[in-house]
Amino acid sequence: MSALGSLLTSAPILVADGSGGGFWMPPQASDFAVGVDGLFDFILYCSIFFFVLLMGLTVYFAVKYKKKDDNQRTSPIHHSFKLEFLWSAIPTVLMVIVFAWGFRDFTALSQTPPDALDVRILGQKWSWTIQYPTLNKECANKLVLPVDRPFTTTMSSSDVIHSFWIPAMRAKRDVLPSRYTGFTVTPTRVGTYPFFCTEFCGQQHSNMGGTVQVLSQDDFAKWVASKDCPGLDPESPDYGPRLFKKFCASCHTDTKDGGRLVGPTLWGKHNTMEKIVGGPDALIDDNYIRESILYPEKQIVVGYEGENMPAFRGRLDDLQLNAIVDYIKTLKD
Ligand code: CUA
């Protein structure tokens, strides 16, 4: 294999491997991807055609009509109606084609058939929670889908603007704190694909992603029946750990050697003293933990100035708060 060939293979996004993605695109994993790639190719090939035509003519005319000597006079130039009509009409027709093609596919993103699988996607600094209201399941940073069945997303954010993007499905839409957004597509190819946040949303923005697993219909039914991604149950003993994973784990570890992510590991913190910026030392007791979750700007431990922990007041109810505080208290030898 040539050096270029091996370079391309090491960058999977560029490989033409029969998955339909072609040279520029990742595999086509949805019905929507086919239309997007077709439009992309149309615009690309039109651009290449006209670039070559125009640059070629420019060079040709520059050589052909080069002034030969000082006595050479330009012959009188008249405008050409035919030429002017064509250079207006051809681009207009191309633009209308691009608009109609794009508009048709764009509106298809908002058409939801009644049998579509309903998926709720919650963005927060800096993780995704995927909920299946009809299946009593909830996953962190993982979207599991059956192949050949449309799914529709209802997306919202609990803090800033995020954007949910599945490159292999060519589907992307902003995730807003103020209202629901969403899209509907049909996965057409079994496989595992990445998804990303594509709206700069703070320190951990580049880590705010996950995977989409598209399963065969049989495998999806097995997954639904499995214990993977159970719905959050306040009665269950892992309620606290799962809330921790959902709300805290993108910035705090919960293990002894977890070290610092954005904030410190919370292992062994309960009942210790910490130095506080601009105030007396504080005991890390239940009230300190509770206050730090709800009003993180109030008592900041020295060394963590400027980390801007998101505040959770209004986002956690007392039951959730208690479960998280209880879990943090258990993090010790
Ligand atoms: Cu969320 Cu970037």
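Predicted model, so just to flag it, every value in this text is computed and none were measured.

**Q** Help me get a handle on the state of the cysteines, residues and values and all.
**A** One pass over the full model with this rule turns up one disulfide. Each disulfide pairs two cysteine sulfurs, and for Cys139 the partner residue is Cys229, the sulfurs being separated by 2.2 Å. Taking the sign of the torsion about the S-S bond as the criterion, the disulfide between Cys139 and Cys229, at about 115°, is right-handed. One end of the pair, Cys139, is in strand β3 (residues 137–140); the other, Cys229, is in the loop between α4 (217–225) and α5 (239–247), with 90 residues separating them in the sequence. Given a relative accessible area of 2%, Cys139 falls into the buried group. With no disulfide partner, Cys248 has as its closest neighbouring cysteine sulfur the one in Cys251, 8.9 Å distant. Here Cys248 falls in the buried class, since its relative accessible area comes to 13%.

**Q** Before we move on, can you summarise the side chain of Thr181 with the specific residues and values?
**A** Note that Thr181 resides in the loop between β7 (171–175) and β8 (184–185). Within the local environment of Thr181, its side chain forms a polar contact with the backbone oxygen of Asp174, the two atoms lying 2.6 Å apart. Non-local contacts of Thr181, meaning those with residues more than four positions away in its chain, are made with Thr153, Thr154, Met155, Arg173, Asp174, Val175 and Leu176.

**Q** Explain the environment of Phe40 residue by residue, including any values.
**A** With respect to the element layout, Phe40 can be found in helix α2 (residues 31–64). We classify Phe40 as partly exposed; its relative accessible area is 32%. Spatially, the C-alpha atoms of Phe40 and Tyr180 are 28 Å apart, while their sequence positions differ by 140 residues. Those residues within four positions of Phe40 in sequence are excluded, and the remaining contacts are Trp24 and Met25.

Rules behind the numbers
Residues numbered from 1 in each chain as written. Predicted model: local features only at pLDDT ≥ 70, side-chain atom pairs only at ≥ 80, totals over all residues. Heavy atoms only, no water. Disulfide = S-S within 2.5 Å. Helix = DSSP H or I, 4+ residues; strand = E, 2+ residues; numbered from the N terminus. Buried < 20%, exposed > 50% of the residue type's maximum accessible area, 1.4 Å probe, protein only. Polar contact = N/O pair within 3.5 Å; in protein donor to acceptor, adjacent residues only side chain to side chain. Contact = heavy atoms within 4.5 Å.

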